[in-house]
Amino acid sequence: MLDFYWRGRGMDIHELYLKKFTSSETGFDYVMWAISEVEKGLNNISSFELSSLGREANYFEALELFNVLLIQGFVSIPSQKECHLYNGMKICKSILLNKENLFKKAYELFDVCIELEYDSDLMDWYWISEDIDALKYDMNTSKLDYETIEADIIEKANKFLESYKSIYPN
């Protein structure tokens, strides 16, 4: 049914809406979301049409098919906060799966903190970004080292995932 190349490469509704909130979604993003939903069992003519549009999907055609699914009640719209937290979960999972580029990923989590207006649950990432900056720009008065900050990033990623696992179990 679906092109083998695209299997398992779908997009979650949170990812799609995060792009919508930043006005950066493409027609293909809707296709990727539809592929994911069809793989999960959404058997609807509009979802099949949308998932079959391919990489060069016309934005307006894809949006129209998506809106049909929205009207029919096949789509639940997440809040902007839910989308940012979901993104934070994905970043934390990537930290635990691949210990490379930890400082870059910590900065990405700090961006989530900023997007959520310094939500108290995310302030760890503000302080970690401050520690990284202090270390990088030789303002390290607390004498932190790379290994200590990296261990803190991993610990905080675990804490973040534990905090939100009931909301985003995957």
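As a reminder, the structure under discussion sits directly above these lines.
Thresholds applied
- Residues numbered from 1 in each chain as written.
- Predicted model: local features only at pLDDT ≥ 70, side-chain atom pairs only at ≥ 80, totals over all residues.
- Heavy atoms only, no water.
- Helix = DSSP H or I, 4+ residues; strand = E, 2+ residues; numbered from the N terminus.
- Buried < 20%, exposed > 50% of the residue type's maximum accessible area, 1.4 Å probe, protein only.
- Lys, Arg positive; Asp, Glu negative; His and termini not counted.
- Charge placed at Lys NZ, Arg CZ, Asp CG, Glu CD.
- Phe/Tyr/Trp six-rings, centres within 6.5 Å; stacked < 30°, edge-to-face > 60°.

Looking at the overall build of the protein chain
Consideration 1: Secondary structure assignment for the protein chain yields eight helices and zero strands.
Consideration 2: The order of α-helices and β-strands along the protein chain, N terminus first, is α-α-α-α-α-α-α-α.
Consideration 3: Oriented by its inertia axes, the alpha-carbon framework of the protein chain measures out at about 60 × 30 × 30 Å.
Consideration 4: Here the protein chain holds 170 residues, and the buried ones make up 43% of them.
Consideration 5: A distance of 4 Å separates the average location of the 17 positive side-chain charges in the protein chain from that of its 30 negative side-chain charges.

A short note on the packing of aromatic side chains
Centre-to-centre distance and the angle between the planes together describe a pair of aromatic rings.
Consideration 1: Applying the stated rule across the entire model yields eleven aromatic pairs.
Consideration 2: On the numbers, 6.1 Å between centres and 50° between planes, the contact of Tyr17 with Phe66 is tilted. Residue Tyr17 is located in helix 1 (residues 13–21), and its partner Phe66 is located in helix 4 (residues 59–71); the two are separated by 49 residues in the primary sequence.
Consideration 3: Phe66 gets classed as buried once you look at its relative accessible area, which sits at 0%.
Consideration 4: Judged by centre distance (5.1 Å) and plane angle (55°), the rings of Tyr30 and Phe66 are tilted. With Tyr30 in helix 2 (residues 27–40) and Phe66 in helix 4, this pair connects stretches of sequence that are 36 residues apart.

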